[in-house]
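Chain by chain, the residues run as shown.
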Amino acid sequence: TDTEIEEARLFNTITRRDFSQLDPLLSKLKMYEFSPFKKTLFIDADSLVVAPLEPVFEAFDGKRFSVFGAAEYTTPGWFNDIRVVEEITGSAGLPGFNGGIYYFEKPDAENIFESAEDLINSYRKLQIGTFGDGEQRGEEPLLSIAMAQRGIRGVGRDEAGFDIMYAPAGRRGKIEIDVLEGICRFNKKGTWVEPTVMHFASDDNCYCYKREQLR
């Protein structure tokens, strides 16, 4: 954090960093450097955890770096021209995921973050799409490339045996969530999902996020 924390007693460890000179999304590439732990589960701040995290750690355990989402990009998504990226990955597909959750282990994951940072200056050359107002570069495609270069894939729903994390993109209808009862479910592109970590990721879902945060 770079701010004062009123409820500091709630935390075991507080790491202070100055984020003022860091690109908002690309600052997530510093998580390896920031974390003092051998095993780290990074969760975006605009998320709510509705169930115990022990199963999440178990699903990721032993993987030097991983994400939730085993799907692969074989057509343009983050990447405006997937063929440009394939030339440096040697892979016909790249891991597809939402960057609301990352798992990594030290020291084995260090070179993945280093590779992703090395790619920042090649963002436009690789024809990677931008976020928000069209100028915001994201960490997700850079980490996806670094994973593909090493043959690393994410942990999918079938492998984990449960829904680790979802964001509301593509949702149909309302998000049913009650943090006190440990309930979260919604229809995502025609499939009902029940994420342990609900990554809200958008102001469109601000009401239920604020409501459950207060509860």
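Residues numbered from 1 in each chain as written. Predicted model: local features only at pLDDT ≥ 70, side-chain atom pairs only at ≥ 80, totals over all residues. Heavy atoms only, no water.

Draft legend 1. Expanded view of a nonpolar patch on the surface. Side chains of Leu10, Phe11 and Ile14 sit close together on the surface and give an oily, nonpolar patch of about 290 Å² of accessible area. In this fold, Leu10 is placed in the segment before α1 (31-34). Looking at Leu10, the relative accessible area reads 56%, which means it is exposed. (Patch = residues over 30% accessible without salt bridge, like charges linked within 9 Å, V, L, I, M, F, W, Y side chains within 5 Å. Areas by Shrake-Rupley, 256 points an atom, 1.4 Å probe, with all protein chains shown as cover. Salt bridge = Lys/Arg side-chain N within 4 Å of Asp/Glu carboxyl O. Helix = DSSP H or I, 4+ residues; strand = E, 2+ residues; numbered from the N terminus. Buried < 20%, exposed > 50% of the residue type's maximum accessible area, 1.4 Å probe, protein only.)

Draft legend 2. Spotlight on helix α3 (residues 82-89). Those residues of α3 that fall on the buried side of the exposure criterion are Ile82, Val85 and Thr89. One face of α3 carries all of its buried residues, which in axial projection span an arc of 65°. Away from its buried face by more than 90 degrees, α3 exposes Arg83 and Glu87. Where α3 is buried, its residues contact β4 (72-73), β5 (94-95) and α5 (140-149). Among the residues trailing α3, Gly90 stands out with phi positive, at a value near 70°. (Arc of directions from axis to C-beta. Contact = heavy atoms within 4.5 Å.)

Draft legend 3. Local environment of the environment of Asp18. Relative to the elements of secondary structure, Asp18 occurs in the segment before α1. Note: C-alpha distance between Asp18 and Ile112 (94 residues apart in sequence) is 23 Å. A distance of 2.7 Å separates the side chain of Asp18 from the side chain of Ser20, its partner in a polar contact. (Polar contact = N/O pair within 3.5 Å; in protein donor to acceptor, adjacent residues only side chain to side chain.)

Draft legend 4. Looking closely at the layout of surface pockets. Reported here for the largest pocket is a volume of approximately 1,600 Å³. Taken together, 32 residues form the lining of the largest pocket, with Thr1, Phe11, Thr13, Phe42 and Ile43 sitting closest to its centre. The leading source of residues in the lining of the largest pocket is strand β1 (residues 39-43), at 5 residues. Among the residues making up the lining of the largest pocket, the classes are represented as 15 nonpolar, 8 polar and 9 charged. Space inside the second largest pocket adds up to approximately 1,000 Å³. Residue assignment for the lining of the second largest pocket shows that the elements contributing at least two residues are β4, β7 (165-166) and β10 (191-193). Here the lining of the second largest pocket is built from residues that sort into 16 nonpolar, 11 polar and 11 charged. (1 Å grid on protein atoms, 1.4 Å probe; cavity = no way out; pocket = protein on both sides within 12 Å on 5 of 7 lines; lining within 4 Å. Points joined across faces, edges and corners; volume = space filled by probe spheres on them. Nonpolar A, V, L, I, M, F, W, Y, C, P; charged D, E, K, R; others polar.)

Draft legend 5. Local environment of the packing of aromatic side chains. For the coordinates displayed, the defined rule picks out 14 aromatic pairs. Look at Phe57 and Tyr103: their rings are 6.3 Å apart centre to centre, the planes differ by 85°, and that puts the pair in the edge-to-face class. Taken together, the residues Phe57 in helix α2 (residues 54-60) and Tyr103 in strand β6 (residues 101-105) connect sequence positions 46 residues apart. Here Tyr103 falls in the buried class, since its relative accessible area comes to 0%. Aromatic side chains Phe97 and Tyr102 sit 5.9 Å apart centroid to centroid with 80° between the ring planes, which places their arrangement in the edge-to-face category. Looking at Phe97, the relative accessible area reads 7%, which means it is buried. (Phe/Tyr/Trp six-rings, centres within 6.5 Å; stacked < 30°, edge-to-face > 60°.)

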